[in-house]
Amino acid sequence: MALSSRRDAPQPPDFSFLKRLARDQLIYLLEQLPGKKDLFIEADLMSPLDRIANVSTLKQHEVDKLYKLENKPIVSTCNQLCFLIRPRIQTVKWIAEIVNTDKAAGRLRGYKIIFCPQKFYACEIVLEEQGVYGDVSTDEWAFYLLPLDDDIISLELPEIFRDNFLEGNQRWITTASKSLHLLNSLYGPFLKVYGIGRSAKMTYDMWRDLVEDGEQKTQQPEIGNVFLIDRDVDFVTPLCSQVVYEGLVDDTFRIKCGSVEFSPEVSSSDKSVKVMLNSQDKVFSEIRNEHFSNVFGFLSQKARNLQTAYDKRCGMDIKQMKNFVSQELKGLKQEHRLLSLHIGASESIMKKKTKQDFQELLKTEHSLLEGFEIRECITYIEEHINRQVSMIDSLRLLCLLSLTENGLLPKDYRSLKAQYLQSYGTEHLLTFANLRQLGLLVEQNPGETLTAMESKVGKLVNDRTAGKLTDAFSSLAKKSNFRALSKKLALVPKSGEEYDLRTPRDMAYIFSGAYIPLSCKLIEQVLERGGWTGLEEVTRLLNGNEFVATGSSEEVKPRSDSQNTILVMFLGGCTYSEISALRFLGKERGYRFIIVTTAITNSARLLEALLDRKT
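As recorded in an unreviewed UniProt entry, the protein goes by VPS33B late endosome and lysosome associated and comes from Lepisosteus oculatus.

Shown next as structure tokens:
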């Protein structure tokens, strides 16, 4: 397989404790409302809750009925209502309306709101304005971290991306810093913390305050180094088509909270099948990080091996058959079932990608990344838009063109924007405003660009003023500087070179050898150098906000394996492609990467968060 290990990476810490901690806290909160109660659960909390506490556990603690919160009149006859919700004003208003309706009807009930993962002051203000503050008790379920696998932990908060990077609402920084503090308390102390991005720096600063205010304790660290990275440091990577198996499964079927629902077409039955995708799945664990071109070969070999294992039954005596049935048969049947599902999923992916002319799409993306045949790429994008192949894919290609070219020429920008609005509707005008604000789809300024001006200022002024001016210019116009970054970090391998996807030589294999993800390359370089020394020009192109700091004041002698266990926190989401790239790097260098992300994302989720209908 592709991931050939040079040296053994350390075993990951046991993160199952995070689940037990969350479950015990939830049970405690439910018991604060003694007696029978109906529990209303917000839709995007149902899947995470299912991973923490099943229905029988909730029933044991006097939860009578469970309802999905749908913002419509309720039918519950119970005298106690409990609401498990995100801290959203609209949801709180709906709860207040229920309370006021009951009061008007003369019905007395107990009401409890459990905010997850934290309560915002604005929500309490709404309760007060609606006149129900004294009728409702409120609490927080500090459920910050959900382990999805041995090396993936998610906050399951996709709204952080839009709130923080588009709207400038930094309320979730507290959540990110508290989640980091929890990991530090359970598996730390951290030795070194590296980071880049404004949100990363704010998260670090707030976490340091929590460490200084809390109780200091000495323990052997299980996680040595930490890397914090903002999503807006690298927008190119999540906009590229995923071609590793796990990424394709996510793009095609949408992995939700570590599980996927395969349609009847995949399961070869009359109903859909829900499957957990993690390292416990022996078939999936071996193909999840593989380039899709290698997957069918592996699955075929696996099928032959299984058949050989089944064929061992022939010629067995009674005792051997008994041992075979008791020890091997169940495992073989389970493996056979999973193999069948992954073959069905691969066939479904192949059909969909063939239908979409996937190879032509990848060729266009690779040309954009390399900076070749840009006019041909623009023609392809125009055809894509005018044929209305996919609204999101068309937008993705426009953003990728803009990011790789550091903005579009004014005539191209106006033409492509007009064609997009004609094809998909003028209501997307606000979408273009959102994309421009984030720097994802911008028009080049005539004459000298702000980044060129900034470069001159930086050379003339060599003190803190330069940093302030840099921030001022950055706020006026966000430039990706992709070409310069690509050259300095060798993100795009030289064209014309053969790339063996069966035995890849670097992280570029996750994009068919065409591109090494910027986010992962930064992590690799910083870990090699022990900091940002030698990367000054790179950080300037990324608008700075880089830092390196000692993680803890404790004088703790770390174990050698903990120094090679590295926690990477993505603020704003990360893709399965990036996770696969870091796993590859870990295998090559003897690292164990633990990925902590605010949510698993991909190009569709990232862009859907910026569509005008979301506002």
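Moving on from the coordinates now.
Caption draft 1: Representation of the environment of L81. Relative to the helices and strands, L81 resides in strand 3 (residues 80-85). When its relative accessible area of 0% is taken as the criterion, L81 is described as buried. With 18 residues separating them in the primary sequence, L81 and V99 have C-alpha atoms 9.9 Å apart. Those residues within four positions of L81 in sequence are excluded, and the remaining contacts are L33, D38, F40, I74, S76, I98, R109, G110, Y111 and K112.

Caption draft 2: Structural context of helix 5 (residues 121-129). Regarding helix 5, the residues found buried are C123, E124, V126 and L127. Buried residues of helix 5, viewed axially, fall in a sector of 155°; they line one side. For helix 5, exposure combined with an orientation more than 90 degrees from the buried face picks out Y121, E128 and E129. On the buried face of helix 5, the contacting elements are helix 4 (89-104), strand 4 (110-115) and strand 5 (136-140). A positive phi of about 75° marks G131, the residue just after helix 5.

Caption draft 3: Looking closely at the side chain of R605. Within the secondary structure layout, R605 lies in helix 27 (residues 603-608). A polar atom in the side chain of R605 sits 2.7 Å from the side chain of D250. From its side chain, R605 meets the backbone oxygen of I255 in a polar contact 3.2 Å long. Setting aside its immediate chain neighbours within four residues, R605 contacts D250, R254, I255 and I600.

Caption draft 4: Region of the structure containing the pattern of salt bridges. This structure, assessed with the given rule, holds 32 salt bridges. Linking K521 and E524 is a salt bridge whose minimum nitrogen-to-oxygen distance equals 3.3 Å. Here K521 and its partner E524 are both found in helix 23 (residues 518-529), three residues apart, which amounts to about one turn of the helix. Considered together, K521 and E524 belong to a single accessibility category, that of buried residues. For E537, the salt bridge identified is with R540, shortest N-O distance 3.0 Å. Pair noted here: E537 and R540 are both in helix 24 (residues 536-541), with a separation of three residues, about one helical turn. For R540, a relative accessible area of 28% corresponds to the partly exposed category. Via salt bridges that share partners, D149, D151, E246, R288 and R583 belong to a single interconnected network.

Here is what the cut-offs are and how they apply
Residues numbered from 1 in each chain as written. Predicted model: local features only at pLDDT ≥ 70, side-chain atom pairs only at ≥ 80, totals over all residues. Heavy atoms only, no water. Helix = DSSP H or I, 4+ residues; strand = E, 2+ residues; numbered from the N terminus. Buried < 20%, exposed > 50% of the residue type's maximum accessible area, 1.4 Å probe, protein only. Contact = heavy atoms within 4.5 Å. Arc of directions from axis to C-beta. Polar contact = N/O pair within 3.5 Å; in protein donor to acceptor, adjacent residues only side chain to side chain. Salt bridge = Lys/Arg side-chain N within 4 Å of Asp/Glu carboxyl O.

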